[in-house]
Amino acid sequence: MMRMAVTGLHGQVVQSLIERANNITDVSIVPLGRPELDLQDTGTIDPALKSARPDVIVSAAAYTAVDRAESEQDVAMTVNGVAPGLLAATAKELGVPLIHISTDYVFDGFKDEPYREEDAVNPLGVYGLSKLAGEHAVRQATANHIILRTAWVYSPFGANFVKTMLRLAGDREELNVVGDQLGAPTNALDIADAVIGVARQMLARPDDMQKRGTFHLSGTGYTDWAHFAETIFEISATLGGPQAKINRIATSEYPTPARRPANSRLDNDKLRRNFSIVTPEWRESLPRVVQRLLV
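Residues numbered from 1 in each chain as written. Predicted model: local features only at pLDDT ≥ 70, side-chain atom pairs only at ≥ 80, totals over all residues. Heavy atoms only, no water.

### Some words on the pattern of salt bridges
Once their charged atoms are close, side chains differing in charge can pair, the charge on each being opposite to the other. Evaluated as defined, the whole model comprises 17 salt bridges. Residue E135 pairs with R149 through a salt bridge whose shortest N-O separation is 2.8 Å. Remark: R149 occurs in strand β5 (residues 145-150) and E135 occurs in helix α4 (residues 126-141); sequence separation between them is 14 residues. Each member of the pair, E135 together with R149, is buried. Put simply, E281 and R283 hold a salt bridge, and the shortest N to O gap is 2.6 Å. Relative accessible area serves as the criterion here: at 25%, E281 is assigned to the partly exposed category. (Salt bridge = Lys/Arg side-chain N within 4 Å of Asp/Glu carboxyl O. Helix = DSSP H or I, 4+ residues; strand = E, 2+ residues; numbered from the N terminus. Buried < 20%, exposed > 50% of the residue type's maximum accessible area, 1.4 Å probe, protein only.)

Here it is, written out as structure tokens:
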């Protein structure tokens, strides 16, 4: 039995891990959240993890309010920047690997091609800066880690773009959606599959440094937000669900407190080469989530 302690109770990744583990006989998920483990109350981290007796620790919880982070820098930095280092320090003390979920927001999005792991980081806002600080803290605390950068996460759980589009289409005939930001929609259930696969290989090969370090994990293929929305409604229409006309707009027409990367495309080849893990094409994964949300 692989016992996996995961930070968070209600997030998309932890809920996806719980669902996947329910169908796997040798994986046990131990979700850890407030009040037992509170990433803002950093003194709770070490005892909560030790009481869970994990074989692997997954750092999945995060402060994800990208715009609010601009005015809540201290909270974002504590949760995303400081806490991951403490999780990693406890993982090292326990002698177990840590898998830390990070983000495309560590990049500025100015590159014309998909980002590789070795590309220069340059966050545009507080959220990205806090997640980058968390990456640095993990690397400094333990060598026995994997950092998985992902992007555009959606699932049947929590709040996400797919759920928002379906909800808004229930009230509006037309929606304005940004069409000049590129990325790869990533199903959190696919992230869960990859995390379990990575964890198994880390435990099986504890001294293999090719299975340690920073990797990109996103859906296969790329699109923009407007086309993503159009595809959601195409699938919804076939299932008798809500739909709306999408009006493409520029990022400049939808100002937000935090700047978003224009290019959030991530190159997953390193994950494929080192772990033989390939995520499904995003158009393949999306219908399964839309169908569940419409039931």
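### A word on helix α5 (residues 161-169)
All buried positions along α5 are accounted for by F161, V162, M165, L166, L168 and A169. Along α5, the residues classed as buried sweep out an arc of 165° about the axis, all on the same side. The inward-facing, buried residues of α5 abut β6 (153-154), β7 (174-178), α7 (225-238) and α9 (282-294). Where α5 starts, the residue carrying a side-chain oxygen 3.2 Å from the main-chain nitrogen of V162 turns out to be N160. (Arc of directions from axis to C-beta. Contact = heavy atoms within 4.5 Å. Polar contact = N/O pair within 3.5 Å; in protein donor to acceptor, adjacent residues only side chain to side chain.)

### Some points on empty space enclosed by the protein
Applying the stated criterion across every chain yields a total of 1 cavity of 30 Å³ or more. Together, T7, L39, S59, A61, A62, V79, N80, P84, L87, H100 and K131 line the largest cavity. Taken together, the residues that form the lining of the largest cavity break down as 6 nonpolar, 4 polar and 1 charged. (1 Å grid on protein atoms, 1.4 Å probe; cavity = no way out; pocket = protein on both sides within 12 Å on 5 of 7 lines; lining within 4 Å. Points joined across faces, edges and corners; volume = space filled by probe spheres on them. Nonpolar A, V, L, I, M, F, W, Y, C, P; charged D, E, K, R; others polar.)

### Things to note about α4
With 16 residues, α4 ought to run about 22 Å at 1.5 Å a step, and its terminal C-alpha atoms sit 22 Å apart, in line with that. For α4, the complete set of buried residues consists of V126, Y127, G128, S130, K131, L132, G134, E135, A137, V138 and A141. Contacts made by the buried residues of α4 are with α3 (73-94), β4 (98-103) and β5. (Expected span 1.5 Å × (residues − 1).)

### So, the packing of helix α1 (residues 12-21) against helix α6 (residues 188-204)
Where α1 meets α6, the closest approach of the two axes is 8 Å, and the angle between their N-to-C directions is 65°. By the angle between their directions, the pair α1 and α6 is classed as roughly perpendicular. The interaxial crossing formed by α1 with α6 has right-handed handedness. Residues Q12, V13, S16, L17, E19 and R20 of α1 form the contact with α6, whose participating residues are A188, L189, D190, I191, A192, D193, V195 and I196. Looking at the contact of α1 with α6, its residues break down into 8 nonpolar, 2 polar and 4 charged. (Axes fitted to C-alpha atoms, helices over the stretch in contact; angles between N-to-C directions. Parallel < 35°, antiparallel > 145°, perpendicular 65-115°, else oblique. Left-handed = near helix turned anticlockwise from the far one by under 90°.)

### Structural notes on the pairing of strand β1 (residues 2-7)
With 5 of 6 residues buried, β1 lies mostly within the body of the structure. Sheet topology note: the β1/strand β2 (residues 27-32) ladder contains 6 bridges and is parallel. Across the sheet, the residue bridging to M4 is I29, located in β2. With respect to chirality, the unit in which β1 leads through α1 into the neighbouring parallel β2 is right-handed. Bridging between β1 and strand β3 (residues 56-59) involves 3 bridges; their strand directions are parallel. Across the sheet, M4 pairs through a bridge with V56, a residue of β3. (Pairing = 2+ DSSP bridges. Right-handed = clockwise from strand over helix to strand, strands pointing away.)

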